[in-house]
Amino acid sequence: MRLLFSTAAAGDPSGFRVGMALLVVSAVLRPLFPLLFKVLVDGVLGHHVASVVLAAVGLGLVTAGGTAAGSYSSLYLWNVWERMTVTIDEQLVGMASRLGRVDRVERREYLDHLTLVRTNRGRFQESMMALLFSLSLALQVVITVVILAAIQPLLLLLPLFSAVPILASRWVESYVHGVRRRTAHLFRVANAFMMLAIDAAAAGELRVLRLRDFLIQRHRAEWWPMVRRRSRAQMFAVAVSAAAMLLFTLGFGGAVLLITVRSVRGSATLGSVVLVLTAGQQLHNQIAGVIGTAPDLFRVLELMREYAWLARYVDQNEDRGTLHAGQTLRHGIRLEQVSFRYPGSEDEAVHDVSLELPAGSVVALVGPNGAGKSTVVKLLCGLIGPTSGRILVDGVDVADFDLPGWRTELSGAFQDFIRLEVVARESVGAGSVAQIESPAAVRQALRRADVAELERELPHGLETPLGRAFLKGIDLSGGQWQKVALGRAMMRDGPLVLVLDEPTYSLDVESERRVFEWFARVAATENPIGTITVIVSHRFSTVRTASRIAVLDEGRLMEWGTHAELMAAGGRYATMYRTQAEGYR
Ligand SMILES: Nc1ncnc2c1ncn2[C@@H]1O[C@H](COP(=O)(O)OP(=O)(O)OP(=O)(O)O)[C@@H](O)[C@H]1O
Ligand SMILES: [Mg+2]
């Protein structure tokens, strides 16, 4: 509850205060109605003109004031909740970006909680209105009960009848929510199939392969079990709530009747009997209102619990390193018995790898698919942390680095690079956001990546909108997108580590060789800060240009040395190299 209100108040503090104040005013005014009615009836019967006039004016004020305050409060608070949806979105983005390591973002519990908050946050507004409605009703109940108790203390017991339906509602909502959480992964998977089916990028392949029915089938296979489980839970929930409500109405009605009969028999005035009847009726409606909105109340609370879970998870998994890397690399990077296992998988993707990458070197990682090359790259970038072992940069453990700071020292093109659909200048310039507006910096980066021809290939040069997100954007070929990614990797001046994870697989062999020879030359001759370049490639004509080569297989380091050394050793590398050379002959 505290988190809920503080999040709401954070978005629009004054709107929140005014809305809440008006809500309290309307909640206080409304229950005064039966009391004034009693004064009116007694005044009429006793011929007290003054009290009749007073009560009549009071009734008018209470009715009009209560209604006006209620409407204005709804107006203010509706805006507050609207803002809150945005606040929550922003906080979710903030939380996700505080998770420095990508394997923490991939954990299933995290994704389940996130799915629930994200898909339900649109209901916040309605649920929050319901919540406040029930809080206001609860305040009215208290006031009505106090008024009734002044006439007949036994009436204090009336609200007790509401305990059963409220408890039932609490139980029902946490039960339904539990089912929702347990089926969140079905929702996620079904949603992924659905998005794939309508994704423009996948459209061609889906049609060629005639995958429509297949996707529909897989979507159904996840969706229907989820819907069935959820609706079964809902049906059960409705039955429990209805039974509890019936119990409440019977008990409450009986009690009011009993008390009215006692008042009639006793010495009560007609006004008091009218008061008990009208206030009793009002109380019933108020309590029924609270009970009716209780599911919304509890739903918001469950949602906030998920939200609090996410906040806790992010706190626990945030990296706390504080050290900063120096401006230059003096010795290099050392991997000491590094192993890594992805969350949820049985085997280690990288197993006990020890490597010494000297400052200023160009290191190539080779090996079959799934050998662990990209995993080593991610480890070097601090995108994942070793399960065991250490990675030392000039003797300092990467785990002790302030990771966002460490990443500003890196640059790279990744295997799963993003196709950033903005204008070409921005798509390249995003490699260094501070220089995104500068065509000169972007041109320099394209030259550094040896792909300067890209600008000529685009109809409006660097200002060409890319991709389908723009109405008039053009789509690039796979190789052109890769040139954009390469240029992006070159935007930063003097990174300490430059990783190129198959950044050229869409380029033809000749272009790839040219690009890598260029990198090797630049690394060897214009490298005063000792930048280590790590390249991953399946093309041995490229790999041989590196100063050191690591051969990986099934996560293990099999061979390590220069091209000449590895060829002379006549091991795995030599065999792979010869096989590929044969193929080109
Ligand atoms: N996010 C992930 N979650 C779980 N397992 C993963 C993940 N990414 C990779 N793996 C597994 O880790 C192992 C190594 O994968 P990695 O991507 O490092 O291979 P690679 O050498 O880069 O292969 P490729 O040449 O195909 O790019 C593989 O067995 C892969 O299935
Ligand atoms: Mg890879």
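The structure displayed is predicted, hence computed values, not measured ones.

Here's the deal with the overall build of the protein
A count of helical and extended segments in the protein gives 22 helices and ten strands. Relative to the 2.2 N^0.38 estimate, which gives 25 Å for 585 residues, the radius of gyration of the protein is 35 Å and therefore markedly larger than a compact globule would have. For the C-alpha atoms alone, the extent of the protein along its principal axes is close to 115 × 50 × 45 Å. Here the protein holds 585 residues, and the buried ones make up 46% of them. Put simply, 77% of the contacts in the protein that link residues at least 6 apart link residues at least 24 apart. Working note: accessible area of the protein is about 29000 Å², and carbon and sulfur atoms make up 60% of it. Of note, the protein has its 61 positive side-chain charges centred 8 Å away from the centre of its 55 negative side-chain charges.

Comments concerning the domain arrangement of the protein
Each assigned domain of the protein is listed here: domain 1 (85-317), domain 2 (320-409 + 495-585) and domain 3 (417-494). One C-alpha centre belongs to domain 1, the other to domain 2; they are set 51 Å apart. Contacts between the two partners involve eight residues from domain 1, matched on the other side by eleven residues from domain 2. The junction of domain 1 with domain 2 conceals about 730 Å² of combined surface from both sides, 53% of it contributed by carbon and sulfur atoms. Per-residue buried area on domain 1 facing domain 2 is highest for R101, V102 and D103; these three make up 64% of the total on that side. Where domain 1 touches domain 2, the interface holds zero salt bridges. Remark: the boundary between domain 1 and domain 2 carries three residue pairs in polar contact (both at pLDDT 80 or more). Of all elements in the fold, only α5 (102-105) and α12 (270-317) reach the threshold of two or more residues within the side of domain 1 that touches domain 2. Residue composition of the side of domain 1 that touches domain 2, by class: one nonpolar, two polar and five charged.

A short note on the sheet that holds strand β4 (residues 388-393)
On the basis of which strands lie adjacent, the open sheet formed by four strands has the order β2-β1-β4-β5 and antiparallel pairing. Edge positions in the sheet fall to β2 (350-358) and β5 (396-397), since each of these pairs with one other strand and no more.

Focus on the coordination of the magnesium ion (ligand 2)
The coordination sphere of the magnesium ion (ligand 2) contains the protein donors S374 (OG) and Q415 (OE1), at a distance range of 1.9 to 2.1 Å. Taken together, the residues span a long stretch of sequence, with S374 in helix α13 (residues 373-380) and Q415 in the loop between β6 (410-413) and α15 (424-429) at a distance of 41 residues. Residue S374 is classed as partly exposed on the basis of its relative accessible area of 21%.

Observations concerning a nonpolar patch on the surface
A cluster of nonpolar side chains, namely V18, Y72, L75 and Y76, defines an oily patch on the protein surface of about 400 Å² accessible area. Of all the elements, helix α4 (residues 49-98) adds the most residues to the nonpolar patch, at three residues. Along the chain, L75 falls in helix α4. Looking at L75, the relative accessible area reads 52%, which means it is exposed.

Re the site of ligand 1
Surrounding ligand 1, one finds 14 residues, the nearest of these being G370, K373, S374, T375 and Q415. A distance of 2.8 Å is found between an oxygen atom of ligand 1 and a backbone nitrogen or oxygen belonging to G370. Contact distances for ligand 1 include 2.9 Å between an oxygen atom and a backbone N or O atom of G372. Here ligand 1, which alone exposes 640 Å², has 66% of that area covered by the protein. Taken together, the residues of the shell around ligand 1 break down into four nonpolar, seven polar and three charged.

Concerning the environment of R170
Note that R170 resides in helix α8 (residues 163-182). A sequence separation of 152 residues divides R170 from T322, and the C-alpha atoms of the two residues are 45 Å apart. One polar contact links R170 to E302, side chain to side chain, over a distance of 3.5 Å.

Comments concerning the nonpolar core
Counting residues in each nonpolar core, the largest one holds 42 residues, and the members touching the most others are L486, M490, L500, F519, I549 and Y573. The biggest single contributor to this core is helix α18 (residues 478-489), with five residues. The residue makeup of this core includes at least three contributed by each of domain 2 (320-409 + 495-585) and domain 3 (417-494). With sequence-adjacent residues up to four places away left out, Y573 is seen in contact with V366, F540, V543, R544, I549, V551, E559, H563, L566 and M567. Of all hydrophobic cores here, the second largest spans 36 residues; its members include I333, V497, I532 and L552.

Some words on the packing of aromatic side chains
The final tally for this structure, using the stated rule, is 14 aromatic pairs. Summarising the aromatic geometry, the rings of Y110 and Y313 are spaced 5.1 Å apart at their centres and angled 25° between planes, so their arrangement reads as stacked. Taken together, the positions of Y110 in helix α6 (residues 108-120) and Y313 in helix α12 put the pair 203 residues apart, joining distant regions of the chain. Per residue, the accessibility class of Y110 equals that of Y313, and both read buried. Between the aromatic rings of F540 and Y577, the centroid separation amounts to 6.2 Å while the plane-to-plane angle is 85°, which identifies the pairing as edge-to-face. Residue F540 is found in helix α20 (residues 540-543), and its partner Y577 is found in helix α22 (residues 572-584); the two are separated by 37 residues along the sequence. Counting every residue linked through ring pairs, the aromatic cluster contains F5, F16 and W81.

Concerning the packing of helix α1 (residues 2-11) against α4
It is at 8 Å that the axes of α1 and α4 come closest, and there the two elements cross at 100°. It follows that α1 is roughly perpendicular to α4 by the angle criterion. Within the contact between the two elements, α1 uses L4, T7, A8 and G11 and α4 uses V80, W81, R83, M84, T87, I88 and Q91. Grouping the constituent residues of the contact of α1 with α4 by class yields six nonpolar, four polar and one charged.

Some points on the side chain of Q286
Mapped onto the elements, Q286 comes out in helix α12. In this structure Q286 comes out as buried when scored by relative accessible area, which is 3%. In this structure the side chain of Q286 is engaged in a polar contact, spanning 3.3 Å, whose partner is the side chain of T144. Sequence-distant contacts of Q286, defined by excluding residues within four places in its chain, comprise L137, Q140, V141 and T144.

What counts, and where the lines are drawn
- Residues numbered from 1 in each chain as written.
- Chains lettered and ligands numbered in written order.
- Predicted model: local features only at pLDDT ≥ 70, side-chain atom pairs only at ≥ 80, totals over all residues.
- Heavy atoms only, no water.
- Helix = DSSP H or I, 4+ residues; strand = E, 2+ residues; numbered from the N terminus.
- Rg over C-alpha atoms; globule rule 2.2 N^0.38 Å.
- Buried < 20%, exposed > 50% of the residue type's maximum accessible area, 1.4 Å probe, protein only.
- Contact = heavy atoms within 4.5 Å.
- Areas by Shrake-Rupley, 256 points an atom, 1.4 Å probe, with all protein chains shown as cover.
- Lys, Arg positive; Asp, Glu negative; His and termini not counted.
- Charge placed at Lys NZ, Arg CZ, Asp CG, Glu CD.
- Domains from an automatic or database assignment.
- Buried area = accessible area lost by both parts, 1.4 Å probe.
- Salt bridge = Lys/Arg side-chain N within 4 Å of Asp/Glu carboxyl O.
- Polar contact = N/O pair within 3.5 Å; in protein donor to acceptor, adjacent residues only side chain to side chain.
- Nonpolar A, V, L, I, M, F, W, Y, C, P; charged D, E, K, R; others polar.
- Pairing = 2+ DSSP bridges.
- Donors = N, O, S within 2.8 Å, 3.2 Å for Na, K, Ca; no water.
- Patch = residues over 30% accessible without salt bridge, like charges linked within 9 Å, V, L, I, M, F, W, Y side chains within 5 Å.
- Near = heavy atom within 4 Å.
- Core = buried A, V, L, I, M, F, W, Y, C linked by side-chain atoms within 4.5 Å.
- Phe/Tyr/Trp six-rings, centres within 6.5 Å; stacked < 30°, edge-to-face > 60°.
- Axes fitted to C-alpha atoms, helices over the stretch in contact; angles between N-to-C directions.
- Parallel < 35°, antiparallel > 145°, perpendicular 65-115°, else oblique.

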